[in-house]
Amino acid sequence: MKKFNFLVFIVLGLFFTACNSEVNTKPKEVKFDREVCERCKMIISDRNYVVQVVNPQDGKSYSHDDIGCAILWFEESEISWKNEAIIYVADANSGKWIDAKKAFWTFGATTPMDFGFSAYESKQDGENFEFTHVVQKVKEKKMKNQSNHSGHMGHKKKKIFF
């Protein structure tokens, strides 16, 4: 009977410990020059534009080399938790992790995937944008790029076998 009581105690203890544990939604360390972007699979090396998306349900993080890759990854991968996602981006001046949805965004930088947006913790000189504007412009750029390439689809290319 003592063994049974002990087992029940252990099982209940594990159950309550699991129920009370909080999911860690803080940004994880990015292994620059070794870790790859979740979307484009290029090596992440530019610390000024790195993005980390965290699933609030399980704490799993997904790193991206550019905000454009992160935004398009949500769309292309049909991420069910995208509205709850926690998105961290590096402040382009300090490298500090900041909330991408609350950041001040500027346009015109040369970024790893050429989307051109930089995030800042505080307002910058010139025009500043909200995150919703960045999302809209990234999606527009993708649509524009797709339509520019659609004219080439009708041409038949000669197949070369190696």
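Residue positions within a chain follow its written sequence, with the count starting from 1. Per-residue local features of the predicted model are confined to residues with pLDDT of at least 70, and side-chain atom pairs are confined, for both listing and counting, to 80 or more; whole-chain, interface and lining totals are unaffected and use all residues. To get the side-chain values, all heavy atoms of the structure are used, and hydrogens and water are removed first.

Asks: Teacher, can you tell me more about unusual backbone geometry here?
Replies: Comment: phi is negative for the bulk of residues other than glycine, and the bulk of peptide bonds are trans. Positioned with a positive phi, Asp33 is a non-glycine residue whose angle comes to about 65°. With respect to the secondary-structure elements, Asp33 resides in the loop between helix 1 (2–20) and strand 1 (51–54). For Glu78, which is not glycine, the phi dihedral falls at a positive 50°. Position of Glu78 relative to the elements: it lies in the loop between helix 2 (67–77) and strand 3 (86–90). Numbering of helices and strands starts at the N terminus; helices are DSSP runs of H or I of at least 4 residues and strands are runs of E of at least 2.

Asks: Explain helix 2 to me, please; I cannot follow it from the model alone.
Replies: Counting along an α-helix, one turn takes 3.6 residues, and residues three or four places apart therefore face a common direction. Of all 11 residues in helix 2, eight are buried; the element is thus mostly enclosed. Listing the buried residues of helix 2 in full gives Ile67, Gly68, Cys69, Ala70, Ile71, Leu72, Trp73 and Phe74. Positive phi shows up at Glu78, right after helix 2, with a value of about 50°. For the exposure calls, accessible area comes from a 1.4 Å probe over protein chains only, and a residue counts as buried if that area is under 20% of its type's maximum, exposed if over 50%, partly exposed in between.

Asks: Quick question: what am I supposed to make of the pattern of salt bridges here?
Replies: Basic side-chain nitrogens of Lys or Arg form a salt bridge, by our definition, when they fall within 4 Å of a carboxyl oxygen of Asp or Glu. For the structure shown, the criterion picks out six salt bridges. One salt bridge in this structure joins Glu76 and Arg39, with 2.9 Å as the shortest N-O distance. Taken together, the residues span a long stretch of sequence, with Glu76 in helix 2 and Arg39 in the loop between helix 1 and strand 1 at a distance of 37 residues. Its relative accessible area of 39% is what places Glu76 among the partly exposed residues.

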